[in-house]
Structures are given as structure tokens and as C-alpha cells.
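# Structural overview for review
The primary structure of each chain is shown beneath.
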Amino acid sequence: MISLNSPILSGFSFYLFNVIYALAFLYACYRSPWRKLTSNLGLQHLCFGATVALMIIWSIQANLIDGVKIHFLGMTALTLILGWDLALVCASVVLVGLNVISGDSAANIAANGVITILLPIAVAQIVLHIVSNKLPKNFFIFMFCCGFFCAGLTALLIGCAVAVILGLNDIYTWFKIQQDIVTIIVLTIFPEGLLNGMLLTAIMTFYPDWIRSFDAKKYIDDQ
């Protein structure tokens with residue numbers, strides 16, 4: 001997945017991303033089920049394990065061009081497993097933690113938070129809503145639409161968002177963006193969809209209770 005790797009944003013864009021991400025993070029902290037989390041040891045282990053796994057996935061990255069890096073995301077699976085609120089909090093911990101460990105500038109934390117956390121969560125929630133309310137209650141429909149398709153769509157939208165941000169802020173010319181980023185966007189769609197889809201399929205099959213957004217009774221027991 002494509003994200004920003006150096007402090008290349010400034011001015012209005014910098015402050016806009018900080019305000020958006022701060023408000024979303026505070027609201028997620030307010031909505032998160034802290035009482036259930038403190039009393040449920042299994043949920044604590046799930047949150048901790050998901051956070052560690054996400055940190056490992058995000059730490060495996062490569063520089064694409066100056067200021068832009070590429071890595072797997074996994075936010076679609078995390079959102080469906082923990083719910084959007086806990087997913088946002090856990091992913092934020094990973095984002096800040098990796099920034100501290102790597103010693104990078106903190107200037108792009110909010111921008112990356114919006115691009116690689118808020119956007120995937122929003123896409124996952126929209127797709128989940130459509131699947132839950134508009135489509136038949138079928139295990140394979142949920143698996144394909146919320147897992148494979150949603151993650152692939154997320155990869156496409158994040159890549160496009162990064163390209164637009166770089167272009168509108170005059171960081172790179174549109175020609176360079178088309179050459180170096182648009183091609184990579186196409187190449188990230190399938191791997192991201194496959195990673196999230198396979199992970200969700202395995203968990204839905206063996207540990208469906210781990211997925212907060214998946215009703216095993218409707219999708220398995222009642223079929």
C-alpha cells in the first residue's frame with residue numbers, strides 16, 4: 001500500500017489532515033467499548049495480537065520514490081475483526097509506534113492516518129453496510145465482498161488519494177505521478193485483496209467469533 005514517507009506536506013493540507021485525524025481519533029476513543037475490553041481477556045489478547053501483527057506487516061516496506069513508500073495494509077481485515085473504533089485506535093498506535101522506532105518526522109502522521117487508516121475504515125464500513133442490508137446472507141458473498149473485493153477497492157482508492165495529494169500540492173508533476181505511482185496502484189490491488197481475503201476466510205472458518213462484524217448465526221447456522 002502506498003503512503004507518505006517524509007514531511008512533504010505543508011500549509012493548508014498539513015493542518016487539514018491534522019484536524020480530520022484528531023477529530024476521528026477522539027471520536028473513536030469515545031465510541032470504543034473500553035468497559036468490555038477491560039473485562040474480556042480474550043478481546044484484550046485479540047487487540048494486542050492484531051496490533052502486533054499490523055506493526056509487523058507495516059514495518060515491511062520499500063521506498064517507491066522520494067517521500068512515498070509501499071507496504072501491505074491489512075486494514076480491511078482489522079476493521080472487520082475489531083470494529084471501526086478499536087481498529088482506528090490500534091492502527092493509530094501502530095502508526096505512531098513505527099514512526100518513533102524509525103525516527104521519521106512526525107509531520108506526516110496525520111496525513112498517513114487519514115490515507116491508510118480512516119479511508120480503509122470508511123470503505124470497509126460502507127461495503128459491510130451494503131453486504132449486510134442489500135445482499136443475501138451467504139458466507140461466500142460476505143467473504144468475497146467484504147474481504148477480497150473491499151481490500152482491493154481500498155488499495156485502488158488509497159493509491160489514487162496519494163496521487164491526487166502529491167499532484168495538488170505540486171510535489172511531483174502529473175507525468176511523474178502517472179509513471180511512478182499509477183502503475184504501482186494497479187499492482188497493489190490483487191495482493192492487498194488476496195492478503196485480507198485469505199486472512200478473513202481462515203478466521204471466518206475456524207474462529208468466526210473473532211470477527212466483530214460477522215454474525216455467524218445468520219451466515220452459517222441459519223443457512
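For the structure itself, look to the data block above.
I will try to describe carefully the structure that is included in this document. (Residues numbered from 1 in each chain as written. Predicted model: local features only at pLDDT ≥ 70, side-chain atom pairs only at ≥ 80, totals over all residues. Heavy atoms only, no water.)

Bringing the overall build of the chain into the picture now. The secondary structure content of the chain amounts to 9 helices and 3 strands. Helices (α) and strands (β) of the chain occur, in sequence order from the N terminus, as β-α-α-α-β-β-α-α-α-α-α-α. Its C-alpha atoms put the chain at 55 × 35 × 30 Å along the principal axes. A buried classification covers 46% of the 223 residues belonging to the chain. The contacts in the chain between residues at least 6 apart in sequence include a share of 77% that link residues at least 24 apart. Accessible surface for the chain amounts to roughly 11300 Å². Of this, 70% is attributable to carbon and sulfur atoms. Across the chain, the mean location of the 10 positive side-chain charges is 11 Å away from that of the 10 negative side-chain charges. (Helix = DSSP H or I, 4+ residues; strand = E, 2+ residues; numbered from the N terminus. Buried < 20%, exposed > 50% of the residue type's maximum accessible area, 1.4 Å probe, protein only. Contact = heavy atoms within 4.5 Å. Areas by Shrake-Rupley, 256 points an atom, 1.4 Å probe, with all protein chains shown as cover. Lys, Arg positive; Asp, Glu negative; His and termini not counted. Charge placed at Lys NZ, Arg CZ, Asp CG, Glu CD.)

This brings us to a nonpolar patch on the surface. Judged by side-chain polarity, Phe48, Val52, Ile56 and Ile60 come together as a nonpolar surface patch covering roughly 420 Å² of accessible area. Mapped onto the elements of the fold, phenylalanine 48 is located in helix α3 (residues 41-59). Take phenylalanine 48: its relative accessible area is 61%, and that puts it in the exposed class. (Patch = residues over 30% accessible without salt bridge, like charges linked within 9 Å, V, L, I, M, F, W, Y side chains within 5 Å. Salt bridge = Lys/Arg side-chain N within 4 Å of Asp/Glu carboxyl O.)

With that out of the way, let us pick up the state of the cysteines. All chains considered together, the criterion is met by 0 disulfides. Cysteine 47 carries a free sulfur, and the closest cysteine sulfur to it, the one in cysteine 90, is 4.5 Å from it. Take cysteine 47: its relative accessible area is 7%, and that puts it in the buried class. The thiol sulfur of cysteine 160 is not disulfide-bonded, and the nearest other cysteine sulfur, from cysteine 150, lies at 15 Å. (Disulfide = S-S within 2.5 Å.)

Under the 1.5 Å per step criterion, the end-to-end length of helix α6 (residues 109-134) is 36 Å for 26 residues, consistent within 8% with the ideal 38 Å. The sharpest bend along α6 comes to roughly 30°, located at leucine 118, with the proline proline 120 sitting one to four residues further on. (Expected span 1.5 Å × (residues − 1). Bend = angle between axes of the 7 residues up to and from the residue.)

Per the counting criterion, the structure on display carries 7 aromatic pairs. Between phenylalanine 14 and tyrosine 15 the ring centres are 5.3 Å apart and the planes differ by 80°, which places this aromatic pair in the edge-to-face class. Note on phenylalanine 14: relative accessible area 26%, which makes it partly exposed. Note on tyrosine 15: relative accessible area 57%, which makes it exposed. Here the aromatic rings of tyrosine 27 and tryptophan 84 are separated by 5.7 Å at their centres, their planes lie at 20°, and the arrangement is stacked. One end of the pair, tyrosine 27, is in helix α1 (residues 11-31); the other, tryptophan 84, is in helix α5 (residues 84-102), and 57 residues separate them in sequence. Among the aromatic residues, those joined into a ring-pair cluster are Phe139, Phe140, Phe142 and Phe214. (Phe/Tyr/Trp six-rings, centres within 6.5 Å; stacked < 30°, edge-to-face > 60°.)

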